[in-house]
Amino acid sequence: MDGLRQVGRRDAVRGALVLAASLALPSLARAQASARIVVVGGGFGGAACARTLKRLDDKLQVTLIEPSRIFTACPFSNEVIAGLRDIGAQQFGYDRIAAAGIEVVAQVAAKVDPQAHRITLADSSGLAYDRLVLAPGIELRFDALPGYDEAAAQKMPHAWQAGEQTLLLRRQLEAMEDGGVVAIAVPANPLRCPPAPYERASLIAHYLKQRKPRSKVLILDAKDNFSQQRLFEAAWHELYDGMIERVSLSNGGRVTSVDPNTNTIITEFGDHVAQVANVIPPQRAGRIAQVAGATDKTGWCPIDPMTFASKLLPDVHVIGDACLGGGIPKSASAAGAQGKACANAIVNNLSGKAPETPRLTGICYDTVAPGYAFSLAGLYQPKDDIFAEVEGGGTSALDAPREVRAHEAEAAQNWYRIITGETFG
Ligand SMILES: Cc1cc2nc3c(=O)[nH]c(=O)nc-3n(C[C@H](O)[C@H](O)[C@H](O)COP(=O)(O)OP(=O)(O)OC[C@H]3O[C@@H](n4cnc5c(N)ncnc54)[C@H](O)[C@@H]3O)c2cc1C
């Protein structure tokens, strides 16, 4: 990891010099020199944005702030939980990003001073910026579900940020005796990757069918309807008849509290004691977005969809799961597309050009068993100040034959190779 390093005193001094320089120059002249862009968060959105910025204009000074030296990807992590994939296939380093001329700083961004155009890192050093891109993903709300805090997550894993939590849920499934109940608590929208809880239920059922066939999956849902519902339900009927039960919002499925001591999930209509309890809590934009003042009362960041510019802070852009994306689901696919479009908007703006209307594509594959997947593709454009879905997308046919499902499962693997290659490789 030669290109990676911690920020120290030297950077703080350099930051101060850049700040002094930035105050002395009119903004367009500064942009045409070598604008300094800081990207916070090296996930699918932030890493794509940093790479695109550098590719569009090699003179830009691009810094990526990301505390983890190894990124663990959520897409396909449900396969890790089901024992179909090694966690190593989810992990990526930042060497190639550093090799592209991007300064990668292994730190947490702690504070933003939007007026001074300055960001403070966890070790108290500072960095000046001309443009800041916030791509911190989500924060799990440990204040939203009574009984569910960080300690409870060690007994009732969420596995909604991949890594240790993914492995914990896997270990719990392996340790469970046949005949047990695996409960999945699903929050209301908006959440990261809306179809992923149902993909998880399917793949856990696949594991149980092979290894613990008397066991069941119980989905306790704060929603009545969900993404790709008809496709999921048809697949459950075909592959896992009777193994997956879902209690919808109208039937009392909304989880109101949990008791980690007894592994009990309490809903509007009753208590469920689970042998394995996967509790996915409500979410909001990553903490730094809140600390910076980029979030509104929804907990997410309002943006101008033409440029991803924050509606609340000057010279700050927000991309990925953290932003209020209108009709765009919170997905890696969308975060990557937003990262590229945001980079384009920043480069145009720095060189005094009018913004181009972004046209984003997002595709989401759901794998319900090895060799059995379906997908949802969407096209999104700014409309009435938010992103709206426009014509051109589509979903897999409900009555498609198994060869098509197998073909989509292969396409899903290819998609993962391409997006992780483009982002980290
Ligand atoms: C189980 C599951 C399955 C999924 N499957 C799919 C799928 O098949 N397809 C798909 O498209 N999407 C899928 N997703 C969704 C996808 O993972 C997210 O939408 C995507 O990761 C969002 O990208 P992001 O860049 O906004 O956030 P992230 O990828 O989470 O990256 C955010 C980064 O910011 C860093 N960060 C946070 N705060 C700070 C700070 N203060 N300072 C510095 N760095 C910070 C974090 O360490 C993190 O690396 C899935 C999600 C889950 C949970």
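The present account deals with the structure reproduced in this document.

1. Structural notes on empty space enclosed by the protein
Link 1 in the chain: A full pass over the atoms with the stated rule returns one cavity of 30 Å³ or more.
Link 2 in the chain: Considering only enclosed or pocket space, the largest cavity measures out at about 60 Å³ in volume.
Link 3 in the chain: Forming the boundary of the largest cavity are G320, D321, C323, G325, I328, P329, K330, S331, A334, A335 and Q338.
Link 4 in the chain: A per-class count over the lining of the largest cavity returns five nonpolar, four polar and two charged.

2. Observations regarding the pairing of strand β17 (residues 270-273)
The side chains of a regular strand alternate between both faces of the sheet.
Link 1 in the chain: Bridging between strand β16 (residues 264-267) and β17 involves four bridges; their strand directions are antiparallel. Looking across to β17, one finds that I265 is bridged to H272.
Link 2 in the chain: Connecting β16 to the next strand, β17, in antiparallel fashion are two residues.

3. As for the side chain of R284
Link 1 in the chain: Structurally, R284 is set in strand β19 (residues 283-285).
Link 2 in the chain: By relative accessible area, R284 is classed as buried at 18%.
Link 3 in the chain: Those residues in contact with R284 that lie beyond four places of it in its chain are G137, I138, E139, R141, D143, Q290, G299 and W300.

4. Describing the layout of surface pockets
Link 1 in the chain: Of the pockets and cavities examined, the second largest pocket occupies roughly 440 Å³.
Link 2 in the chain: Lining the second largest pocket are 26 residues, with S333, G336, A337, K340 and E422 positioned closest to its centre.
Link 3 in the chain: Contributions of two or more residues to the lining of the second largest pocket are made by α3 (44-56), α10 (332-350), β23 (360-369) and α11 (402-424).
Link 4 in the chain: Per element, the largest residue contribution to the lining of the second largest pocket is eight residues, and it comes from α10.
Link 5 in the chain: Broken down by class, the residue content of the lining of the second largest pocket amounts to twelve nonpolar, eight polar and six charged.

5. Digging into the packing of aromatic side chains
Link 1 in the chain: One pass over the full model with this rule turns up 16 aromatic pairs.
Link 2 in the chain: Ring plane angle 15° and centroid distance 5.3 Å describe the contact between F92 and F424, whose orientation is recorded as stacked. Of the two residues, F92 sits in strand β5 (residues 91-93) while F424 sits in helix α11, which places them 332 residues apart along the sequence. Of the two residues, F92 and F424, neither departs from the other in class, the shared state being buried.
Link 3 in the chain: Members of the aromatic cluster, each reached through a chain of ring pairs, are F44, F71, F76, F92, Y94, Y416 and F424.
Link 4 in the chain: Looking at R85, its charged tip hangs above the ring of Y416, at a distance of 4.8 Å from the centre.
Link 5 in the chain: When the ring centre of W300 is taken as origin, the NZ or CZ atom of K330, which lies over that ring, is 4.0 Å away.

6. So, the sheet that holds strand β14 (residues 244-247)
Link 1 in the chain: Taken in spatial order, the four strands of this open sheet run β14-β13-β12-β18, and their pairing is parallel. Bordering the open sheet on either side are β14 and β18 (276-279), each of which pairs with just one other strand. When strand polarity is set aside, the average angle formed by the axes of neighbouring strands in this sheet is 15°.
Link 2 in the chain: Where strand β13 (residues 216-221) and β14 come together, four bridges link them in parallel fashion. Pairing of V217 across the sheet is with I244, part of β14.

The rules behind the values
Residues numbered from 1 in each chain as written. Predicted model: local features only at pLDDT ≥ 70, side-chain atom pairs only at ≥ 80, totals over all residues. Heavy atoms only, no water. 1 Å grid on protein atoms, 1.4 Å probe; cavity = no way out; pocket = protein on both sides within 12 Å on 5 of 7 lines; lining within 4 Å. Points joined across faces, edges and corners; volume = space filled by probe spheres on them. Nonpolar A, V, L, I, M, F, W, Y, C, P; charged D, E, K, R; others polar. Pairing = 2+ DSSP bridges. Helix = DSSP H or I, 4+ residues; strand = E, 2+ residues; numbered from the N terminus. Buried < 20%, exposed > 50% of the residue type's maximum accessible area, 1.4 Å probe, protein only. Contact = heavy atoms within 4.5 Å. Phe/Tyr/Trp six-rings, centres within 6.5 Å; stacked < 30°, edge-to-face > 60°. Lys NZ or Arg CZ within 6 Å of the ring centre and 35° of its normal. Axes fitted to C-alpha atoms, helices over the stretch in contact; angles between N-to-C directions.

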